[in-house]
Amino acid sequence: MTDTAEDRLSELRAAYAARRPESRRHHERARAVMPGGNTRSVLHLSPFPFVIAGGKADTLTDIDGISYIDCAGEFSAGLYGHDTPEITAALHEALAGGLVLSGPNRYEVPFAELICARFASVERVRFCNSGTEANLFAIQTARNATGRDRIMVFEGAYHGGVLTFGQGPSPMAAPFDWVMARFNEIDATRAAIRDHAGELAAILVEPMIGAAGNIPARAAFLDMLRQEASRAGAILIFDEVKTSRLGAGGLQGEYGVTPDMTTFGKYLGGGVPFGAFGGRAEVMERFDPARPGALAHAGTFNNNVMSMAGGLAGLRDVFTPARAAQFLQECETFRHGLNAGFAKAGLEVRASGMGSILSLHLGAESPETLAQTDPRSVILRRLVHLNALERGLALTPRGDIYLSLPMDAPRRERIAEVLTDAVRDELPFVPGRERR
């Protein structure tokens, strides 16, 4: 008899493995040439990850022939789904025009114009290749602009592969002079900023902290950061690598708080690797090569034609400001309906987040700080992830839920049904939960 969460995980993993012999074989082959058969840690899954054969619209199919509704969403990069015609056509056009062209191309200026028009903080923008790069360049820009070195970040935050923070910097964190603060805790963070005011080059924050469970910022918290950054002479950087998809102008537009700089990545490349950082003209003009002492910003593929063409087509022709605003409302309706369904079923679980980016949390209310999160939520998400896979719904291994543009109302209803059934099945195995 299955009694504990570990027993239940073992049971779910055994059922998972039995249905996926081709993925198992692929994993064993991968282990011979990559550590753990893995080249991206977040995709690790015990006993082995299922291997994707292809994707259409909002559906994935693995090499064992199993199909899934894709709510893994490439960790928010998959906003457009897998074969948006406007983007596919733009990529084919760019490919036909030739790759590695060694100079400016016809896509980058209109794309930059769209980004500057769309996001309130961005008067000038520069492209790079990932959100990680964007955040690294933004930090270095702030250090140069202020003549200071110290960077404030928040517990639980993730800003890229070398910018990862749990209770402190990870062993892989870049060796900047970090100051850790607590997300959404207004008084404590204000005090920390004032304590380090003369040393802070930048305050780096996601307006919805993602890796810690998609917890949106309190409006008053972002207002405080804006006020205190200005008072301290520090650069306020919003990491909107993921959250720029939430509304017509990202979360800075929804909250009405304008940072000094913003970083981008993920979906904005239209499904091709992409990053960007931008901000006030006076800050960004430091990169003007015609200026004496200009900052250098290298990167062979910064303006590669595939990312520029795909990103331009997506933002211009598909994810217009009107569609972005509509999609946010559609997904908020879904989230509220999902939570109402949990409550009606007597399940003390809530979907936190905003719009198309969600996480499950134990409790009758969504947490607003890390201190309010129940650590057992991690166990629930692992169980629900495996349960949902067997029902044909793919979440991320850590339990994030991403909705994409191809999903219509009936599709979202199906997602809500699967999530509710999976939570109902697995909640009794979470330690401390009463069996019914």
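As shown above, the structure is provided for reference.
Quick caveat: nothing in here was measured; it's all calculated off a predicted structure.

As a packed pair, helix α11 (residues 321-344) and helix α13 (residues 409-426) sit with axes 10 Å apart at the nearest point and diverge in direction by 30°. One finds that α11 runs roughly parallel with respect to α13. Crossing angle aside, the handedness with which α11 passes α13 is right-handed. Residues Glu-330, Phe-334, Leu-338 and Phe-342 of α11 pack against Arg-412, Ile-415, Ala-416, Leu-419, Thr-420 and Val-423 of α13. Looking at the contact of α11 with α13, its residues break down into seven nonpolar, one polar and two charged.

Attention shifts here to the sheet that holds strand β15 (residues 393-394). The strand order β1-β2-β3-β15 describes an open sheet built from four strands, whose pairing is mixed. Edge positions in the open sheet fall to β1 (52-56) and β15, since each of these has one partner strand only. Here β1 runs beside strand β2 (residues 59-62); their pairing, made up of four bridges, is antiparallel. Paired with Gly-54 across the strands is Thr-61, a residue of β2.

This part takes up the nonpolar core. Formed by 75 residues in total, the largest nonpolar core has its most connected members in Ile-115, Phe-274, Leu-393 and Ile-415. No other element matches the eight residues that helix α10 (residues 305-318) contributes to this core.

A few words now on helix α7 (residues 219-232). Over its 14 residues, α7 runs 20 Å from end to end, which matches the ideal 20 Å to within 8%, given 1.5 Å per residue. Among the residues of α7, those classed as buried are Phe-221, Leu-222, Met-224, Leu-225, Arg-226, Glu-228, Ala-229 and Ala-232. Backbone geometry just downstream of α7 places Gly-233 in the positive-phi region, at approximately 75°.

This model, assessed by the stated rule, comprises 17 aromatic pairs. Plain terms: the ring middles of Phe-127 and Phe-274 are 5.8 Å apart, the flat faces sit at 55° to each other, and that makes the pair tilted. Within this pair, whereas Phe-127 is found in strand β4 (residues 124-128), its partner Phe-274 is found in the loop between β11 (261-265) and β12 (275-279), the two being separated by 147 residues in sequence. Side by side, Phe-127 and Phe-274 carry an identical accessibility label, which is buried. Plain terms: the ring middles of Phe-154 and Phe-221 are 5.7 Å apart, the flat faces sit at 75° to each other, and that makes the pair edge-to-face. Remark: Phe-221 occurs in helix α7 and Phe-154 occurs in strand β5 (residues 150-154); sequence separation between them is 67 residues. Neither Phe-154 nor Phe-221 differs from the other in exposure class; each is buried. An aromatic cluster is present here, built from Tyr-80, Tyr-267 and Phe-319 joined pairwise through their rings.

Rules of the game
- Residues numbered from 1 in each chain as written.
- Predicted model: local features only at pLDDT ≥ 70, side-chain atom pairs only at ≥ 80, totals over all residues.
- Heavy atoms only, no water.
- Axes fitted to C-alpha atoms, helices over the stretch in contact; angles between N-to-C directions.
- Helix = DSSP H or I, 4+ residues; strand = E, 2+ residues; numbered from the N terminus.
- Parallel < 35°, antiparallel > 145°, perpendicular 65-115°, else oblique.
- Left-handed = near helix turned anticlockwise from the far one by under 90°.
- Contact = heavy atoms within 4.5 Å.
- Nonpolar A, V, L, I, M, F, W, Y, C, P; charged D, E, K, R; others polar.
- Pairing = 2+ DSSP bridges.
- Core = buried A, V, L, I, M, F, W, Y, C linked by side-chain atoms within 4.5 Å.
- Buried < 20%, exposed > 50% of the residue type's maximum accessible area, 1.4 Å probe, protein only.
- Expected span 1.5 Å × (residues − 1).
- Phe/Tyr/Trp six-rings, centres within 6.5 Å; stacked < 30°, edge-to-face > 60°.

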